[in-house]
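If you want the building blocks of each chain, they are given just below.
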Amino acid sequence: NHSQVTRTVTVVDTTSPVITLNGDNPQTIELGSSYTELGATTNDGSSVNINTSEFENKIGSYTIYYDSTDASGNHAIQKSRTVTVVDTTAPVITLNGANPQTIELGSSYTELGATTNDGSPIVIDSSDFVNAVGSYTVLYDSTDSSGNHSQVTRTVTVVDTTAPVITLNGANPQTIELGSSYTELGATTNDGSQITIDSSDFVNAVGSYTVLYDSTDSSGNHSQVTRTVTVVDTTSPVITLNGDNPQTIELGSSYTELGAT
């Protein structure tokens, strides 16, 4: 005799997916860097929905949410990742204009300024600068809102490449009368450099002569000017008669010329 019965076996899915985050949690990134999502996986291959709407690229901590629901409608326990945006980077200071900067002695120093890549303010210290030949340092400091500090320097070199300017006192050319002594009228320089005067060419005779004026400053810059001294004769001779004037002679006597000088 034969008999048969049946058993029904129902396969159900009541197990929620388990979400595993890839990468660090919490995750730290530098301010200004783009956020790269590291993603997540589930143990059963269910897809993961990622919500990054809270994230902003500014200093602070943000939460990224990860959700998953499998094909049977089982919801995973939500996972989250903390993303912290930090600022550990000092401002980058960029100087405007030349570095080193060279200026001429006597010229005023013009600050060319600087900028930072993040807009942090810059404090400029040029107290070392003196308007004298030499090299000086100008300091540029910047500290951002996170306390990150940077400093750069500019070298300002003061040079003297300008020769003294010699200014003659009195007339040039100078005219003197033959027989008068030559009086040196002198000269000055715009920077106080000493002047050497050479009048060895001068002779007290009718003609034109050159007086040389030389000056070399402390930086070795040399200049020279000349004065022309012209000796002229504009004075008529003075005639002096020898002997009496008037002169008396006897009739019949011959006239003897006494002459003159």
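Here the residue numbers are simple positions, counted from 1 along each chain's written sequence. Local features in this predicted model are restricted to residues of pLDDT 70 or higher, and side-chain atom pairs are both shown and tallied only at a pLDDT of 80 or more, whereas totals for entire chains, interfaces and linings draw on every residue. To obtain the side-chain values, all non-hydrogen atoms of the structure were used and water was disregarded.

1. Re the nonpolar core
(1) Moving on: Each nonpolar core is a collection of buried residues, namely Ala, Val, Leu, Ile, Met, Phe, Trp, Tyr and Cys, held together in the definition by side-chain atoms within 4.5 Å. Between buried and exposed lies partly exposed: a residue is buried under 20% and exposed over 50% of the maximum accessible area for its type, with that area taken using a 1.4 Å probe on protein chains only. Ranked by size, the top nonpolar core spans 12 residues in total: Ile19, Leu21, Ile29, Tyr35, Ala40, Phe55, Tyr62, Ile64, Tyr66, Ala76, Val83 and Val85.
(2) Moving on: Secondary structure is summarised from DSSP: a helix means a run of H or I of at least four residues, a strand means a run of E of at least two, and numbering begins at the N terminus for each. For this core, the secondary-structure elements that each account for two or more residues are β1 (19-21), β5 (60-67) and β6 (79-86).
(3) Moving on: The leading source of residues in this core is β5, at 3 residues.
(4) Moving on: Residues are treated as being in contact if the distance between any of their heavy atoms lies within 4.5 Å. Ignoring sequence-local partners within four residues, the contact set of Leu21 consists of Gly39, Ala40, Tyr66, Lys79, Ser80 and Arg81.
(5) Moving on: Counting 11 residues, the second largest nonpolar core, distinct from the first, contains Leu95, Ala114, Tyr136 and Val158.

2. Notes on the pattern of salt bridges
(1) Moving on: In what follows, salt bridge is the name for a side-chain nitrogen of Lys or Arg lying within 4 Å of a carboxyl oxygen of Asp or Glu. Applying the stated criterion across every chain, the model contains 4 salt bridges.
(2) Moving on: Here Glu56 ties to Lys58 by a salt bridge, and the two come within 3.5 Å at their closest N and O atoms.
(3) Moving on: Its relative accessible area of 39% is what places Glu56 among the partly exposed residues.
(4) Moving on: By relative accessible area, which is 46% here, Lys58 ends up partly exposed.
(5) Moving on: A salt bridge links Arg227 to Glu184, with the shortest nitrogen-to-oxygen separation between them at 3.7 Å. Taken together, the residues span a long stretch of sequence, with Arg227 in strand β18 (residues 222-232) and Glu184 in the loop between β14 (174-177) and β15 (187-189) at a distance of 43 residues.

3. Digging into the packing of aromatic side chains
(1) Moving on: Paired rings are identified among Phe, Tyr and Trp, the last through its six-membered ring, by centres lying within 6.5 Å, and are further divided according to the angle between planes into stacked (under 30 degrees), edge-to-face (over 60) and tilted (the rest). In the structure shown here, the tally under the stated rule is 6 aromatic pairs.
(2) Moving on: Ring centres of Phe129 and Tyr136 lie 5.5 Å apart, and the angle between their planes is 70°; this geometry places the pair in the edge-to-face category.
(3) Moving on: On the basis of relative accessibility, which here comes to 18%, the residue Phe129 falls in the buried class.
(4) Moving on: The exposure class of Tyr136 is buried, given its relative accessible area of 12%.
(5) Moving on: One aromatic cluster in this structure is built from Tyr35, Phe55 and Tyr62.

4. What about the sheet that holds strand β11 (residues 134-143)?
(1) Moving on: For two strands to pair, DSSP has to find at least two bridges joining them. Here 4 strands make up an open sheet; going across it, the order is β8-β12-β11-β10 and the pairing mixed. One side of each edge strand has no neighbouring strand; the edge strands of this open sheet are β8 (101-104) and β10 (122-125). Neighbour-to-neighbour, the strand axes of this sheet turn through a mean angle of 25°, independent of strand direction.
(2) Moving on: Examined bridge by bridge, β11 and strand β12 (residues 149-159) share 10 bridges and lie antiparallel to one another. Bridge pairing links Thr137 to Thr155 in β12. Only the stretch in contact is used when fitting a helix axis, every axis being a line fitted to C-alpha atoms; angles between N-to-C directions are given from 0 to 180 degrees.

5. Considering the side chain of Asp87
(1) Moving on: Mapped onto the elements, Asp87 comes out in the loop between β6 and β7 (93-95).
(2) Moving on: Note that His is not counted, nor are the chain ends; the positive residues are Lys and Arg, and the negative ones are Asp and Glu. Although Asp87 is buried, it forms no salt bridge, and the closest oppositely charged side chain is Lys58 at an N-O distance of 14 Å.
(3) Moving on: Here the side chain of Asp87 touches Thr89 through a polar contact of 3.3 Å, landing on its backbone nitrogen.
(4) Moving on: Discounting residues that sit within four places of it in the chain, Asp87 has contacts with Glu30, Leu31, Ile59, Asp144, Ser146 and Asn148. Between N or O atoms, a polar contact is any pair within 3.5 Å; within protein, one atom must be a potential hydrogen donor and the other a potential acceptor, and residues adjacent in sequence are included only when both atoms are from side chains.

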